[in-house]
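A look at the structure
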Amino acid sequence: MRALGAAPMRLLLPFVLLSSLSSLLIYLFALPARTKRMASEAVSVDVGFLDGCFLHGDPDHGASTLVSFHFVRFILFTLMLTVVGPFVYRLVAAFFDLERDFKTVADHFDDVTSGLIYSYIVFTLGNYSHTFGWVTLVFYFVGIFGYCALVELPFMRVSIPGWRTWSAAAWAVNLGGVALVLLAAGFHIRWAYAAGILQWYLPLFVLATASLWLTICVKWLNNYCSDHCPQGLGIERRMRKLALVLSIWRSARKQDDDPASGHDVPLQAVASAGESPMASTGSQSPPDQPLTRQQQQRTALSREEKRALIDEKLQNLHYLNVRPGRPLPLCQCQLHLHHWQIFYILAFFTRFDRFASSACAGVVLGIVTQGSAAYGYDAMLERKH
């Protein structure tokens, strides 16, 4: 039954993808004409339910606005970034046997769900509701397969953490890429100045790079705790210790206020620590009779007994992924900056309605897709093996 049901789906999938791609191309080619017509009309435009964050007739085309959103263009943008682009890349990579990771159906599903989040953020804050068009689409695939062809060169099969072992050719190509990025950045800074947003443009770029230098700080802190703090940072232990101290203090106050019933709580506390209530008192009074003063003094916990009780409780904090009596799963981490993360940050700043800026947006988004489709959205911090 599974084979019979899968055959129609395999036949239907190409038609669905082709129809979606054709609709995308038709709509994108119609965008410039619609934008010029809307900008030339001086009449007021009613804002609909789906256009709440979209500025019609904006002379800067959204470049001077931090947040913008257009529902239809977001759907097309997300289809390009999370479905069509990765699907086309995996087909071409399988045909030419390009470098990639094997992915299960669950892995592809995780990539799609992660891509939905990343695409929404960059679309909303990167002004793609105004600038997304056929130029971005064309250069998007240029970025995918251009970068794919570049990394297939034998001397380019390198990673950023292994920069010490790069060959001269690898250094030349990577430094050339940095020079191109800096050149494009110069033009974008000039356009930001012309749009009057330079005071926001540069600080926001520094803020966007916080994902890098904050990760370096987190790596140092994690490795320090792994070497010097076998019990972790200790914040959770201190909070639990505070709760135990308050519980014992309340028990002592209750015993002082009501001596007739105060023997219940201390006996339960001692019993929870693994001791027998009979062993600590020597005898047990009937529950309906109050304790004598000598028996109350024997049932009261001393300071050393309280500390021992608290220490024993702190040895067995409730973690679902740690068995009782086993050490915490601490580990050393290393920083691995991936190319999809670098170009994803750059994709926020190609926000100008110019041919060169839209082309740069397509290239950087294509490189992001190449990294995510080939290897997944890998994290910046990796465990040392």
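The coordinates are above.
What you are looking at is a predicted structure, and each value in this text was computed from that prediction instead of being measured.

What follows is about the packing of aromatic side chains. Tallied over the entire structure, the rule returns 25 aromatic pairs. Taken together, a centroid distance of 5.2 Å and an interplanar angle of 75° make the contact between F205 and F349 edge-to-face. With a gap of 144 residues between them, F205 in helix α7 (residues 198-208) and F349 in the loop between α14 (339-346) and α15 (355-375) connect regions that are remote in the sequence. Note on F349: relative accessible area 10%, which makes it buried.

Here we take up the packing of α14 against α15. Following both chains from N to C, one finds α14 and α15 inclined at 150°, their axes separated by 8 Å at the closest point. Taken together, the axes of α14 and α15 lie roughly antiparallel to each other. For α14 against α15, the interelement crossing comes out left-handed. Residues H339, W340, F343, Y344 and L346 of α14 lie in contact with α15, whose contacting residues are V364, I367, V368, Q370, G371 and Y375. Of the residues contributing to the contact of α14 with α15, the split by class is eight nonpolar, three polar and no charged.

We now examine the pattern of salt bridges. Counted according to the given criterion, the structure contains four salt bridges. A salt bridge links D97 to R100, with the nearest nitrogen and oxygen atoms 3.5 Å apart. Using a relative accessible area of 60% as the deciding quantity, one classes D97 as exposed. By relative accessible area, R100 is classed as partly exposed at 29%. The salt bridge involving E99 is made with R157; its shortest N-O contact spans 2.9 Å. You can see E99 sitting in the loop between α2 (71-96) and α3 (105-125) and its partner R157 sitting in the loop between α5 (134-151) and α6 (168-194), a full 58 residues away along the chain. With a relative accessible area of 44%, R157 lands in the partly exposed category. Sharing partners across several salt bridges, the network here consists of E99, E152 and R157.

About the cut-offs
- Residues numbered from 1 in each chain as written.
- Predicted model: local features only at pLDDT ≥ 70, side-chain atom pairs only at ≥ 80, totals over all residues.
- Heavy atoms only, no water.
- Phe/Tyr/Trp six-rings, centres within 6.5 Å; stacked < 30°, edge-to-face > 60°.
- Helix = DSSP H or I, 4+ residues; strand = E, 2+ residues; numbered from the N terminus.
- Buried < 20%, exposed > 50% of the residue type's maximum accessible area, 1.4 Å probe, protein only.
- Axes fitted to C-alpha atoms, helices over the stretch in contact; angles between N-to-C directions.
- Parallel < 35°, antiparallel > 145°, perpendicular 65-115°, else oblique.
- Left-handed = near helix turned anticlockwise from the far one by under 90°.
- Contact = heavy atoms within 4.5 Å.
- Nonpolar A, V, L, I, M, F, W, Y, C, P; charged D, E, K, R; others polar.
- Salt bridge = Lys/Arg side-chain N within 4 Å of Asp/Glu carboxyl O.

Take it as geometry only, folks, not as evidence of what the structure does.
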